[in-house]
Amino acid sequence: MVEPVERPSTAGQRLSAPESFGVSTLEPGLRPPAQAPGRPVSIRVQMLDDTQEVFQISQRSSGKCLLDLICVHLNLTEGDYFGLEYQDHRKMMVWLDLLKPALKQIRRPKNTILRFVVKFFPPDHMQLMEELTRYLFALQVKRDLACGHLVCNDTSAALMVSHIIQSEIGDFDETQSWQHLLHNKYLPDQDAIRDKIMECHRKHTGQTPAESDYQLLEIARRLEMYGIRLHPAKDREGTKLSLSVAHTGVLVFQGYLKINAFNWSRIRKLSFKRKRFLIKLRADPAQNAHHDTLEFAMASRDCCKIFWKICVEYHAFFRLFEEPKPKPKAILFTRGSSFRFSGRTQKQIIDYVKDSEVKKVPFERKHSKILSNSGGPSQSSSFRSQAPRESAVFVQLPDQTDSTRTSHLNGSQQIAVTNNNGFHDFLAPSKPANHRGNGSSPDQHLLNPGSEDSPLGSPHVAVNGTAPVNGQDVGSAPQSPDGGQLSPLTSPLLMDAGYVRNEDEEEARRKKFPTDKAYFIAKELLTTERTYLKDLQVVTKSFQKAVASDEAFSTSVKNLILSSYEPVYKFHEGFLKEVEQRLAQWEGRSNAHIKGDYQRIGDILFKNIQGLRQLSVHLQKHPECLVELEKLCRSVRKVEALCREFEQQRVCYLPFNVFLLRPLHRLLHYKLILERLCKHYAPTHEDFRDCRAALAEISEMVLQLQGTMMKMENFQKLLELRKDLTGIENLAIPGREFIRLGCLSKLSGKGLQQRMFFLFSDCLLYTSRGMTAANQFKVHGQLPLFGMTVRKSEEEWGVAHSFTLLGQRQSVVAAASCASEMERWLEDLRMASDLAEQGSGGASDLLCTGPADREAGPDESEEELSGSRTSLERQGHRGNTTVHVCWHRNTSVSMVDFSVAVENQLSGNLLRKFKNSNGWQKLWVVFTNFSLFFYKSHQDDYPLASLPLLGYSVTVPAESENIHKDYVFKLHFKSHVYYFRSESEYTFERWMEVIRSATCSSSRPSTCSSSRPSTCSSSRPSTCSSSRPSTCSSSRSVPNARKELY
């Protein structure tokens, strides 16, 4: 092998950067430490772009010194995410210890090549501040894909490779892309999905390399194997497993399937003894258990030590605020290892980059063949399909990026207006981009959300300070047509629906309201906060009033609920007032614009999320409230009747237990809103720093409460299903998890009969609609999953979409409504059956043993259920629960869908129109729990009506429907058709996204087949998959991996 020529390593020489000492990653603000005296030695390092560099270090220099030299060479600020690995004399891959001398670890430096790779994978790539860091992470993902370490399905693999190709060769050209894929191997089985890769690449036109890196990391971070290094092991039974470590804790894999996870908060101690790796867990107070110790056997003591070291480093990097201090040296003898993490923790990195003004140094993308201004700060965070950031002053911006990007537009049917942040809006060719002569750049042209005559409004410039907008002063408060002051935060589109404006009034109205995307994200925060506060009032006011005078209700439980929710309600009451005031200032309805600095929301979010952390004690008691209330209902019949009676009130539009979990769900909403803000802002924007800091705070809170939240969601779902079922014992027992419910046809001696099936982690129940006053479903039988097999049986029985369930004592033949529905049931049944085989065995008998219940046979006829249809009206029972909707619309939902629904909650003003009506009606609409709830205004205490969306399809109106309005979507199910109109492109896309999560989510792909007109396809090319099924499925698919809290 030809040895590369040794040359001194100067700063930035490889990436053509100016000569500079850069920033040391381990000693902020200082130059690299002086090397210890000694003979210089050459060390070869393979970089992430597959080049090899030679570095000169002293014979006594530590590993930390070598890593510092590499980071200075790259001008890399966030170098602590990376490490150096090499193959030692035992042929094992190990990490270079930063505290020990490098040459004491590398015994043969001339024959050893160190690899500079990513060592710590953060949960969100938005935590990486520098574009260079994200570029290096993208190279790591590219390497892991090629090596087969990053295992995923073909769709995700093709999409990631398409983004890699886009960053390397630019926009799609069929011949060039084909040749590039022939000469470059990105996947082990690349040829099989080459056409799919090219089809994905075709959709990335106009995407810069920085945007491609962002999209690549966005996809990769959601994969279960992202950043995972498997360490082979065995459990006590000898089952082959693999251990890994991540930011959350220690993970256990069987093959490439994660079967268990131990959060850092649960782990008391990690240790190893010879070949045994030990995980000591904290005792669970809810179960009054002793300390648990888990034992795994690894190949050797060295394997245990290597894995133990990386666990110690991961824990310190992600969980500690600062670098741990060294242990004091023992006087006589030492006990245990002195190994510790060396370097800055993730919090120190984020704080350092946030607080210091590090000069952005240009760098070169080795594999990229397109021009990219990677050094400017405006490109360090680039995202597609977003509005441009606000410009503080009117200055002529550099046109280097624009001139480069416009070269891709020849022959195109659309004109892409691109700004220096990589944002671009698509304008129709009939209205070319208007490059103004007042110094504004093309990135300041926005689609006006208020236009009623055209999909495009007049170009608009969003500014901060007192600069004029299109020659008009933005300081005047908007007036309603009658000259009165508008009510706070009234939408320009939804007000005065029947008022006819002339063109001058329409133009003036456009200029008075913000059009920046950040404004509409902040407005979503406001509207959802209003709904959230109303939900808290159900617990703190309505429920407390209902139980105040009842002596049967335990005073301790009553006080527990009040003391846990009242402080949270008061806090959010003040938070809502601050958000309302800021939005009013943002819209120009006060004199705050004279002082400037009002078109932002991150400072309010950061301050209040810090305040919310002080309420963590109360948030942690909310699951306890749910459990104690359930115990009280079981022990006191009068309390159970009281709770059922309260749920019949109109103010309680959801099951009451859902309201008890609302504060935990709200943390997820804050995280998603902050992610959208950070994605929208450029790193140089004045609001970016506060949003990033707030995102880091709320992400940590979500991480701490995520396990509890998942357990409580399952517990709440079991309690809700218990109310809909009759003829069973206790449904919510420890270890049982809900998986899917839905309507199937059961084959019996009387033919196909409609039945509701309920799949749990240990058994399958089948029921029919009973004759009870509450229209409960009567259980006919159960099939234990232990030992059960599933097979398709369409040809055997001559029934379409049928399958047979073969249990140890009984067999059942069921038929689904369509092929996709059958495949979903088969997938969940097989998964649950496999997990039951790995579990403890048989399930407990759920069926009641009373004589009346024993008389009910599995072939019970539908004739004896006649008359139950009218009982709903007689008793006033709310019949639009998920179970009843699935029964009537012949569909099913899974726990994954419920998990997605928790995140996809939205509220705001919409205009509604029926199929044959002429006018639009303004309503306050709340989307939650697979339904739309309609109010006259956000101040109403209860909804006027509701619309369950399971089975519905959502599209945009066709030309033949004569709906000549912007931002209109259509809901239809059989002959039922509704039109809804939103106020802006952003809100339109958000409503389409969340409604699709209920109508065509991961569990209902068949309804996505409805075509969308081209007017909408350009804005959201992949909205049908927007419900984030991958993140939910990975966390919900392993029932036996969690401990029960109840």
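Residues numbered from 1 in each chain as written. Predicted model: local features only at pLDDT ≥ 70, side-chain atom pairs only at ≥ 80, totals over all residues. Heavy atoms only, no water.

### Concerning the overall build of the protein
- Of the regular secondary structure elements, the protein holds 29 helices and 30 strands.
- Per-residue burial for the protein yields a buried fraction of 56% across its 1046 residues.
- In the protein, of all internal contacts separated by at least 6 residues, the share reaching a separation of at least 24 is 66%.
- Entry remark: accessible area of the protein is about 45,000 Å², with carbon and sulfur atoms responsible for 50%. (Helix = DSSP H or I, 4+ residues; strand = E, 2+ residues; numbered from the N terminus. Buried < 20%, exposed > 50% of the residue type's maximum accessible area, 1.4 Å probe, protein only. Contact = heavy atoms within 4.5 Å. Areas by Shrake-Rupley, 256 points an atom, 1.4 Å probe, with all protein chains shown as cover.)

### Brief notes about the nonpolar core
- Grouped together as the largest cluster of nonpolar side chains are 133 residues, with contacts concentrated most on Phe656, Leu677, Leu932 and Trp991.
- Phe656 has contacts with Val538, Val539, Phe543, Leu629, Phe646 and Glu647, leaving out every residue within four places of it along the chain. (Core = buried A, V, L, I, M, F, W, Y, C linked by side-chain atoms within 4.5 Å.)

### Here's the deal with the pattern of salt bridges
- What the rule picks out here adds up to 46 salt bridges.
- Glu983 is paired through a salt bridge with Lys523; the nearest N and O atoms lie 3.1 Å apart. With Glu983 in the loop between strand E30 (976–981) and helix H27 (985–999) and Lys523 in helix H12 (residues 517–547), this pair connects stretches of sequence that are 460 residues apart. Of the two residues, Glu983 and Lys523, neither departs from the other in class, the shared state being buried.
- Glu628 is paired through a salt bridge with Lys631; the nearest N and O atoms lie 3.8 Å apart. With a gap of three residues between them, Glu628 and Lys631 both fall in helix H16 (residues 622–635), about one helical turn apart.
- A single salt-bridge network, built from bridges that share partners, covers Arg582, Arg600, Asp603, Asp687 and Asp690. (Salt bridge = Lys/Arg side-chain N within 4 Å of Asp/Glu carboxyl O.)

### A short note on the packing of aromatic side chains
- Overall, the coordinates contain 34 aromatic pairs when judged by the stated rule.
- When the centroid spacing of 4.9 Å and the interplanar angle of 90 degrees are considered together, the rings of Phe317 and Phe318 count as edge-to-face. The pair Phe317 / Phe318 is uniform in exposure class, with both members buried.
- Judged by centre distance (5.6 Å) and plane angle (20 degrees), the ring pair of Phe969 and Phe980 falls under stacked. You can see Phe969 sitting in strand E29 (residues 968–973) and its partner Phe980 sitting in strand E30, a full 11 residues away along the chain. Summarising the burial analysis for this pair, Phe969 and Phe980 share the class buried.
- An aromatic cluster of at least three residues, connected via ring pairs, comprises Tyr81, Phe82, Phe116, Phe120, Phe121, Phe137, Tyr226, Tyr314, Phe317 and Phe318.
- Arg194 extends its terminal NZ or CZ atom over the ring of Trp178, reaching a point 4.7 Å from the ring centre.
- Between Arg740 and the ring centre of Trp825, over which it is positioned, the NZ or CZ distance is 6.0 Å. (Phe/Tyr/Trp six-rings, centres within 6.5 Å; stacked < 30°, edge-to-face > 60°. Lys NZ or Arg CZ within 6 Å of the ring centre and 35° of its normal.)

### Thoughts on H12
- With 31 residues, H12 extends 44 Å between its outermost C-alpha atoms, agreeing within 8% with the 45 Å of an ideal straight helix rising 1.5 Å per residue.
- The largest bend along H12 measures about 35 degrees and falls at Gln537.
- The element H12 is extensively covered by neighbouring structure, given that 26 of its 31 residues are classed as buried. (Expected span 1.5 Å × (residues − 1). Bend = angle between axes of the 7 residues up to and from the residue.)

### Focus: the sheet that holds strand E26 (residues 931–935)
- Here we have seven strands laid out as an open sheet, ordered E27-E26-E25-E24-E30-E29-E28, and antiparallel in their pairing. Of all the strands in the sheet, the pair left with one neighbour each is strand E27 (945–948) and strand E28 (953–955). On average, each strand axis in the sheet is tilted by 35 degrees relative to the strand beside it, whichever way the strands run.
- Direction of pairing for strand E24 (residues 906–914) relative to strand E25 (residues 921–928): antiparallel, over a ladder of seven bridges. The residue bridging Ser907 from the neighbouring strand is Val926, located in E25.
- Here H12 sits on the sheet in contact with E24 and E25, set at roughly 95 degrees to E24. (Pairing = 2+ DSSP bridges. Axes fitted to C-alpha atoms, helices over the stretch in contact; angles between N-to-C directions.)

### Overview of the sheet that holds strand E3 (residues 82–87)
- Here five strands make up an open sheet; going across it, the order is E2-E1-E5-E3-E4 and the pairing mixed. In the strand order of this sheet, the two ends are held by strand E2 (52–58) and strand E4 (93–95), each with one partner. For this sheet, the mean inter-axis angle between neighbouring strands, taken without regard to orientation, is 40 degrees.
- As judged from the three bridges shared by strand E1 (residues 40–46) and strand E5 (residues 113–118), these two strands associate in the parallel manner. By the bridge assignment for E5, Arg44 is matched with Ile113.
- Packed onto the sheet, helix H1 (residues 63–74) meets E1, E2, E3 and E5 and runs at close to 130 degrees relative to E2.

### A short note on the state of the cysteines
- Throughout the structure, instances matching the rule amount to zero disulfides.
- Note on Cys304: no disulfide assigned, nearest cysteine sulfur contributed by Cys303 at a separation of 7.1 Å. (Disulfide = S-S within 2.5 Å.)

### A word on unusual backbone geometry
- The residue Lys91 is not glycine, and still its phi comes out positive at about 65 degrees.
- Within the secondary structure, Lys91 sits in the loop between E3 and E4.
- Although it is not a glycine, Asn929 sits at a positive phi angle of roughly 55 degrees.
- Relative to the elements of secondary structure, Asn929 occurs in the loop between E25 and E26.
- Judged by its relative accessible area of 24%, Asn929 is partly exposed.

### Looking at the environment of Glu647
- In this structure, Glu647 sits in helix H17 (residues 637–647).
- By relative accessible area, which is 9% here, Glu647 ends up buried.
- Linking Glu647 and Phe543, residues 104 residues apart in sequence, is a C-alpha distance of 9.5 Å.
- A distance of 2.8 Å separates the side chain of Glu647 from the backbone nitrogen of Phe656, its partner in a polar contact. (Polar contact = N/O pair within 3.5 Å; in protein donor to acceptor, adjacent residues only side chain to side chain.)

### Points about the packing of helix H3 (residues 131–147) against helix H7 (residues 209–220)
- Remark: H3 packs on H7, axes separated minimally by 9 Å, with the N-to-C direction vectors making an angle of 55 degrees. Relative to H7, the element H3 is oriented oblique. Seen from above, H3 lies across H7 with left-handed handedness. Contacts between H3 and H7 involve Glu131, Arg134, Tyr135, Phe137, Ala138 and Val141 from the former and Ala210, Asp213, Leu216, Leu217 and Ala220 from the latter. (Parallel < 35°, antiparallel > 145°, perpendicular 65-115°, else oblique. Left-handed = near helix turned anticlockwise from the far one by under 90°.)

### Notes on the side chain of Gln905
- In this structure, Gln905 sits in the loop between helix H26 (895–903) and E24.
- The exposure class of Gln905 is buried, given its relative accessible area of 12%.
- At a separation of 3.2 Å, a polar atom in the side chain of Gln905 contacts the main-chain carbonyl oxygen of Val902.
- Beyond its immediate chain neighbours, meaning those up to four positions away, Gln905 contacts Thr528, Arg662, His665, His669, Phe927 and Thr928.

### A few points about the environment of Asp687
- Tracing the backbone shows Asp687 in the loop between helix H19 (662–680) and helix H20 (688–724).
- Residue Asp687 is classed as buried on the basis of its relative accessible area of 0%.
- When the C-alpha positions of Asp687 and Leu677 are compared, they lie 9.0 Å apart, and in sequence the two are 10 residues distant.
- A distance of 2.9 Å separates the side chain of Asp687 from the backbone nitrogen of Gly602, its partner in a polar contact.

### Here's the deal with the confidence of the model for the protein
- Averaged over every residue, the pLDDT of the protein is 74; the share at 70 or more is 70%.
- Below pLDDT 50 for its whole length, residues 1–30 participates in 77 contacts with residues either more than four positions away or in separate chains.
- Every residue in residues 590–595 is under pLDDT 50, and counting partners more than four places away or in other chains gives 10 contacts. (pLDDT = per-residue confidence, 0-100.)

### Observations concerning the packing of helix H14 (residues 602–613) against H20
- One can describe the packing of H14 onto H20 by two numbers: an axis separation of 8 Å at closest approach and a directional angle of 30 degrees. Put simply, H14 runs roughly parallel to H20. For H14 against H20, the interelement crossing comes out left-handed. In this structure, H14 contributes Gly602, Asp603, Leu605, Phe606, Ile609, Gln610, Leu612 and Arg613 to the contact, and H20 contributes Asp690, Cys691, Ala693, Ala694, Glu697, Ile698, Glu700, Met701 and Gln704.
- Here the residues of the contact of H14 with H20 are counted per class, giving nine nonpolar, three polar and five charged. (Nonpolar A, V, L, I, M, F, W, Y, C, P; charged D, E, K, R; others polar.)

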